[in-house]
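Inside the fold
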Amino acid sequence: MRDVAPRTGRAASALLVCALLLSIGVGKGCSCNPNTIGGGGDDGGNSDAITGGALSVTPAEVTLDVTAGAPGPTQVYMVKTGDGTDVTAQSSLSLDDPSLGSFAGSILTTTNTRGGTSRVRAIFQQQSGFATLHVRLHAGITDTCPGCPAFPKDGTPPCPASRAPALLYPPDKALLPPNMNVIQTQFDQATGNTLFEVDFHNDVTDIRVETRCSAIMDSRGLATNGCAYDLTQVVWDFISQTNRGGAPVTITVRATDAAGSCIATSAARTLRFASQDIRGGLYYWQSVVLGGVQGKTGGIYRYDFGLRGQMPETYLAPSQGLSRCIGCHFLSRDGLKMSYGSDDADADDEYADLHGASIDVAKKTAQGGTLPPGFQAFSPDHKLLLATQGRSTETNFLLFDGNTGAAATPAKVSTAPGRGTQPDWSADGKSIVYVQPSKFIAS
């Protein structure tokens, strides 16, 4: 089980959850920025273009192509009033997204590190007007493939279909926070291919990464036909910042042989980036090895989200002198409180050995008495803790004080006529959702 909770230093402070690598719409904390115009496209024909206002700003829509590291192109704008009077020199011009470039008078100079779409705003006296700017970022990344020949140019004949690589990861339509900073693409190399290009593309993105096959090993240490490419920070920034809250990015893998005589192309997948970052710590459980016996104990680990190359931090685990196996855990929405279950380290499944507890996350100190082992859920303000009764056939949940661990008043929440399990609290604290087993019979 994995939980994301914001942290201040080592203490959690506020919860922000974003759907990671799920093929679903944008979730809370990951919605598209209303100030960003998504998409992009060629001049004059893009449905995302927004123009208007009392002033006429021209060009009304334009796409500027930027090559990473090269000087940014410039664009001259003109502003006129409704009667056609040229007021460019008296107008103030700016971009809604200043990271795409800056104005010197009526001349825009774009950035050379990212692409995207933005309104161009003009203000003259009490009047305003706006146009649409698309910046398309191009980058050919070859430092991931030292000594490699140039990948064949576009227009090279296609290879036979049997040579096409298969993109395996990330999953199609995945949604990522822009500050995740690390992800791996994985693909089956097919046969006869020796050089690959991982492409990220949409109307404002053209990033091409040349690479050899970095073999993916199986659990026995044997090579598979799979290859992996880990996005560098530079490539991640190009893609994520250009498309923050924007249109989907298409991923394809292209392959060729030693002669570069043809190009084989995988089926495409898409990737989206949320408009907002995730700030916080990621908590998760994993089994650990203690005394040379696998699976005998486990612990809870965490790391600060969005930091590249870090190692997990032990939160609750046998390495801290604990004699019990730490397992399932439930984090409050504000990240300040946690409940967890523990078992003795004998690797059996005896329910009588299970115990529950709640703790202060920052201090790692236990609160109050023992909780019944099972499923728990904190209210949004963590003032109450709801717990299932795993040993009983009673048709109710137990309520505890989220700050002290003591029994609350009232002490029970009825689930009659059936037994309830796996509860969760609504964000407004007014409702509880839970699972009711269909074969349960109250005694």
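Residues numbered from 1 in each chain as written. Predicted model: local features only at pLDDT ≥ 70, side-chain atom pairs only at ≥ 80, totals over all residues. Heavy atoms only, no water.

What about the overall build of the protein?
Cut-off, in case you're wondering: Labels follow the DSSP assignment, with helices taken as runs of H or I lasting at least four residues and strands as runs of E lasting at least two, numbered in each case from the N terminus. A simple rule labels every residue: compare its accessible area, found with a 1.4 Å probe on the protein chains alone, to the largest value its type can have, and call it buried under 20%, exposed over 50%, or partly exposed in between. Here, two residues are considered to be in contact whenever any of their heavy atoms come within 4.5 Å of each other. Here the open area of atoms and residues is found with the Shrake-Rupley method and a 1.4 Å probe, where only the protein chains shown may cover a residue.
For the protein, the count of helices and strands is one helix and 36 strands. Here the protein holds 443 residues, and the buried ones make up 45% of them. Excluding contacts between residues fewer than 6 apart, the proportion of contacts in the protein whose partners are at least 24 apart in sequence is 59%. For the protein, the exposed area adds up to about 21,200 Å²; of that, 53% sits on carbon and sulfur atoms.

A few points about the sheet that holds strand β33 (residues 396–401)
Paired through their backbone hydrogen bonds, the strands of a sheet run either parallel or antiparallel. Put simply, the test is: At least two bridges found by DSSP between two strands are what make those strands a pair. Here an axis means a line fitted to C-alpha atoms, over the contact stretch when the element is a helix, while the angle between two N-to-C directions is reported on a 0 to 180 degree scale.
The strand order β31-β32-β33-β34 describes an open sheet built from four strands, whose pairing is antiparallel. Every other strand in the sheet has two partners, leaving β31 (376–378) and β34 (407–414) as the edge strands with one partner each. The mean angle between the axes of side-by-side strands here comes to 20 degrees, regardless of whether they run parallel or antiparallel. Inspection of the sheet shows strand β32 (residues 384–387) paired to β33 by four bridges, in the antiparallel sense. Paired with L384 across the bridge in β33 is D401.

Observations concerning the side chain of S240
Note the following rule: By the criterion applied in these results, polar contacts are pairs of N or O atoms within 3.5 Å in which, for protein atoms, one can donate a hydrogen and the other can accept it, and in which residues neighboring in sequence qualify only through two side-chain atoms.
Mapped onto the secondary structure, S240 falls in helix α1 (residues 233–242). Judged by its relative accessible area of 0%, S240 is buried. Engagement of the side chain of S240 in a polar contact is seen with the side chain of Q241, the distance being 3.4 Å. Apart from the residues lying within four places of it in its own chain, the contact partners of S240 are P178 and F273.

Notes on the state of the cysteines
In a disulfide, the sulfur atoms of two cysteines are held together by a covalent bond. Cut-off, in case you're wondering: Cysteine sulfur atoms that pair up within 2.5 Å are treated as a disulfide.
Scanning the entire structure with this criterion turns up three disulfides. Put simply, C145 and C148 are joined by a disulfide, and their sulfur atoms are 1.7 Å apart. The sign of the -65 degrees torsion about the S-S bond sets the C145-C148 disulfide as left-handed. A single burial state applies to C145 and to C148, both of which are buried. Paired by a disulfide, C159 and C262 hold their sulfur atoms 2.0 Å apart.

With respect to the pairing of β34
In this sheet, β34 lies alongside β33 in antiparallel orientation, the contact comprising four bridges. Residue pairing for β34: F397 is matched across the bridge by V413. What sits between β33 and β34 in their antiparallel hairpin is a turn of five residues, with G405 showing a positive phi close to 85 degrees.

Side note on the sheet that holds strand β10 (residues 101–104)
With respect to topology, three strands assemble into an open sheet ordered β7-β11-β10, the strand pairing being antiparallel. Two strands lie at the open edges of the sheet, namely β7 (74–76) and β10, each paired on one side alone. Between one strand axis and the next, the sheet turns through 25 degrees on average, direction left out of account. As paired elements, β10 and strand β11 (residues 107–110) share four bridges and run antiparallel to each other. Counterpart to G101 in the pairing with β11 is T110.

Brief notes about the packing of aromatic side chains
Let me state the cut-off plainly: Pairing of aromatic side chains requires ring centres within 6.5 Å, counting the rings of Phe and Tyr and the six-membered ring of Trp. Pairs whose planes differ by under 30 degrees are stacked, by over 60 edge-to-face, and all others tilted.
Considering all chains together, one arrives at seven aromatic pairs under this definition. Seen in terms of ring centroids, W236 and F273 are 5.5 Å apart; in terms of plane orientation they differ by 85 degrees. Their pairing is edge-to-face. Separated by 37 residues along the polypeptide, W236 in helix α1 and F273 in strand β23 (residues 269–273) bring together distant segments of the chain. Like F273, W236 is buried.

A word on the pattern of salt bridges
For the record, the criterion: For this analysis, a salt bridge means a side-chain nitrogen from Lys or Arg found within 4 Å of a carboxyl oxygen belonging to Asp or Glu.
Counted by the stated rule, this structure contains 13 salt bridges. Note that R163 and D257 form a salt bridge whose closest N and O atoms lie 3.7 Å from each other. A residue pair is termed long-range when its members are at least 10 positions apart, and R163 in the loop between β13 (127–141) and β14 (166–169) and D257 in the loop between β21 (249–256) and β22 (264–265) qualify at 94 residues. Judged by relative accessible area, R163 falls into the buried class, the value being 13%. Here D277 and R279 are joined by a salt bridge, their closest N and O atoms 3.1 Å apart. Judged by its relative accessible area of 16%, D277 falls in the buried class. Through salt bridges that share partners, D154, E197, D199, D206, R208 and R254 make up one connected network.

Comments concerning the nonpolar core
Convention followed: We define a nonpolar core as any set of buried Ala, Val, Leu, Ile, Met, Phe, Trp, Tyr and Cys residues linked to one another through side-chain atoms lying within 4.5 Å.
Counting residues in hydrophobic clusters, the biggest one holds 48 residues, and the most contacted among them are Y77, L133, F200, I207 and V235. With six residues, the single largest contributor to this core is β13. Contacts of V235, omitting those with residues within four sequence positions, involve I141, F200, I207, V209 and Y229. Membership of the second largest hydrophobic core comes to 11 residues, among which are I300, L316, L331 and V361.

A short note on the side chain of R254
Among the secondary structure elements, R254 is positioned in strand β21. When its relative accessible area of 12% is taken as the criterion, R254 is described as buried. Side chain to side chain, R254 and D154 meet in a polar contact 3.2 Å long. A polar side-chain atom of R254 sits 3.2 Å from a polar atom in the side chain of D199. With near-sequence residues (within four places) excluded, R254 lies in contact with F151, P152, D154, L195, F196, E197, D199, R208, I263, A264 and T265.

Bear in mind that shape data such as this cannot, by itself, settle questions of function.
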